[in-house]
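Coordinate inspection notes
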Amino acid sequence: MLKAGVLGAGHLGKIHLRLLQQSERYELVGFYDPFTENAEKVAKEFGYTLFNSVDELIDAVDVVDIVTPTLSHFECAKQAIEKGKHIFIEKPITNTLQEAEAIRTLASQNHIRGQVGHVERFNPAFTAVQDMIGTPMFIETHRLAEFNPRGTDVPVVLDLMIHDIDIILSVVKSKVKNINASGVSVISETPDIANARIEFENGCVANLTASRISMKNMRKSRFFQKDAYISVDFLTKKSEVVKMKDAPEKPDEFAMILQNAEGVKKQIYFDNPKIVQNNAILDELESFADAIQNDTTPIVSLTQGTEALRVAQQIIDCFDN
């Protein structure tokens with residue numbers, strides 16, 4: 001078992017603590033949180049060992065799980081890597097692209113494994129159809145959330161949209177060619193609603209919408225590719241695949257047949273993949289244990305986390321133009 005320690009015992013930190021304690025892949029050594037009152041309360045309530053400093057915790061573990069506010073990600077990760085510890089780091093990887101590049105380089109130089117917490121990659125609705133997404137040419141995503149003061153210290157792009165940016169970059173095997181975006185601040189100092197259009201070199205276009213002042217929650221992505229349409233609902237954890245194939249000579253009487261102007265007939269097939277329910281956060285943490293022990297690249301590497309931040313930053317830069 002890998003010895004793990006958590007930095008940060010806020011809302012998400014407490015979830016990580018609980019799951020690491022449950023996991024058969026990790027031995028939870030303890031945690032550190034600079035907010036003494038909260039830290040002591042968490043330690044007392046759940047019986048976790050509370051360390052006196054970041055350094056003390058890092059020295060006691062193999063893996064440092066960084067669940068602190070984004071502003072402190074870089075410093076925590078740097079300290080852990082320099083002491084030869086593997087890092088799991090919540091998204092976004094760091095506060096700036098420069099910090100992300102530095103962390104990536106430092107980890108590579110020290111032969112350290114690092115994974116970024118883009119948890120939607122482990123959502124069962126996405127993993128069920130991931131292999132069916134081939135060469136999408138149009139992607140549409142909507143990530144809408146009801147207002148929650150937690151997270152408003154960063155633009156909605158880094159808070160919500162970055163999930164979809166990461167998913168899109170993981171399925172489109174092409175470089176980003178152009179980005180257009182607009183954002184509106186309604187209640188926060190930074191944009192609360194944003195829309196972005198990402199064009200890729202292979203012709204694929206992705207249209208992303210994110211809002212944190214919506215009347216309802218929605219987390220949907222739609223992927224359109226030749227002869228197939230794939231829909232993923234990350235919130236309800238449901239997927240739908242609609243495929244089109246050449247219609248048989250004698251189709252079934254209930255078959256759905258489309259005929260175009262040239263007379264070509266296509267049959268529509270509906271496929272609702274089997275969704276295997278899981279705990280996505282536990283899965284991402286345990287997949288990281290696999291990467292460390294098998295010396296393989298983590299499912300969401302530091303490089304991928306950096307690229308998601310790069311695109312997010314390009315979108316944010318559009319707001320100022």
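The paragraphs below set out a description of the structure included in this document. (Residues numbered from 1 in each chain as written. Predicted model: local features only at pLDDT ≥ 70, side-chain atom pairs only at ≥ 80, totals over all residues. Heavy atoms only, no water.)

All right, on to helix α1 (residues 11–22) then. In this model α1 runs 17 Å from its N-terminal to its C-terminal C-alpha over 12 residues, within 8% of the 16 Å that 1.5 Å per residue would give. All of the buried residues along α1 are G13, H16, L17, L19 and L20. Its buried side turned inward, α1 meets β1 (2–7), β2 (26–32), α2 (36–46), β3 (63–66), β4 (86–90) and α8 (280–294). (Helix = DSSP H or I, 4+ residues; strand = E, 2+ residues; numbered from the N terminus. Expected span 1.5 Å × (residues − 1). Buried < 20%, exposed > 50% of the residue type's maximum accessible area, 1.4 Å probe, protein only. Contact = heavy atoms within 4.5 Å.)

Let us look at the pattern of salt bridges. Counted under the stated rule, the structure contains 17 salt bridges. As a salt-bridge pair, E120 and R219 come within 3.1 Å of each other at their nearest N and O atoms. Here E120, found in the loop between β5 (114–117) and α6 (124–127), pairs with R219, found in strand β10 (residues 218–225); they are 99 residues apart in sequence, far enough to count as distant. Classification of E120 as buried rests on a relative accessible area of 6%. (Salt bridge = Lys/Arg side-chain N within 4 Å of Asp/Glu carboxyl O.)

The next point concerns the state of the cysteines. Chemically, a disulfide is nothing more than a covalent bond linking the sulfur atoms of two cysteines. All told, the structure shown has zero disulfides when counted by the stated rule. Not engaged in a disulfide, the cysteine C318 finds its nearest cysteine sulfur in C204; these two sulfurs lie 17 Å apart. (Disulfide = S-S within 2.5 Å.)

The next point concerns the sheet that holds strand β12 (residues 238–246). The nine strands are arranged β7-β8-β9-β6-β10-β11-β12-β14-β13 in an open sheet whose pairing can be described as mixed. The strands lining the two open edges of the sheet, one partner per strand, are β7 (176–184) and β13 (256–259). Strand-to-strand twist across the sheet, computed as the mean angle between neighbouring axes with direction ignored, equals 15 degrees. In terms of strand pairing, β7 meets strand β8 (residues 193–200) through eight bridges, oriented antiparallel. Bridge pairing links V184 to I193 in β8. The strands touched by helix α7 (residues 156–171) within the sheet are β6 (138–144), β7, β8, β9 (205–211) and β10, with β9 carrying the most contacts at an inclination of about 155 degrees. (Pairing = 2+ DSSP bridges. Axes fitted to C-alpha atoms, helices over the stretch in contact; angles between N-to-C directions.)

Counting residues in each nonpolar core, the largest one holds 68 residues, and the members touching the most others are I87, V157, M161, I165 and I315. Residue contributions to this core peak at 10 residues, all from α7. The next biggest cluster of nonpolar side chains, apart from the first, holds 23 residues, and it includes L2, L19, L285 and A289. (Core = buried A, V, L, I, M, F, W, Y, C linked by side-chain atoms within 4.5 Å.)

We now examine α2. Residues that lie three or four places apart on an α-helix share one face, since the helix turns once every 3.6 residues. For α2, the full list of buried residues reads A39, V42 and A43. When α2 is viewed along its axis, its buried side chains cluster within an angular range of 95 degrees and face the same direction. Counted as exposed and oriented over 90 degrees from the buried face of α2: E37, K41, K44 and E45. Buried residues belonging to α2 abut α1 and β2. G47 sits one or two positions beyond α2 and adopts a positive phi of about 80 degrees. (Arc of directions from axis to C-beta.)

On inspection of all chains with the given rule, the structure shows six aromatic pairs. What links up through ring pairs into an aromatic cluster is the set F31, F46 and Y48. The ring of F234 carries the charged tip of R143 above its face, separated from the ring centre by 5.5 Å. (Phe/Tyr/Trp six-rings, centres within 6.5 Å; stacked < 30°, edge-to-face > 60°. Lys NZ or Arg CZ within 6 Å of the ring centre and 35° of its normal.)

Pairing of strand β11 (residues 228–233) with β12 involves six bridges; the strand directions are antiparallel. Pairing of D233 across the sheet is with K238, part of β12. Taking the residues that link successive antiparallel strands as the turn, the β11-β12 hairpin has four residues, and the phi of K237 there is positive, at about 60 degrees.

Right, let's talk about the sheet that holds β2 for a bit. The sheet built from five strands is open, its strands ordered β2-β1-β3-β4-β5 with parallel pairing. Pairing within the sheet leaves two strands with one partner each, and these edge strands are β2 and β5. Along the sheet, successive strands turn relative to each other by an average axial angle of 20 degrees, direction set aside. Of the pairings in the sheet, the one linking β1 to β3 comprises four bridges and is parallel in character.

Closest axis-to-axis distance for the α1/α8 pair is 10 Å, and the angle between their directions is 65 degrees. Two packed elements cross with a definite hand, and for α1 against α8 that hand is right-handed. Taken together, the residues of α8 that come into contact with α1 (itself represented by L12, I15, H16, L19 and L20) are I281, L282 and L285. Residue composition of the contact of α1 with α8, grouped by class: seven nonpolar, one polar and no charged. (Left-handed = near helix turned anticlockwise from the far one by under 90°. Nonpolar A, V, L, I, M, F, W, Y, C, P; charged D, E, K, R; others polar.)

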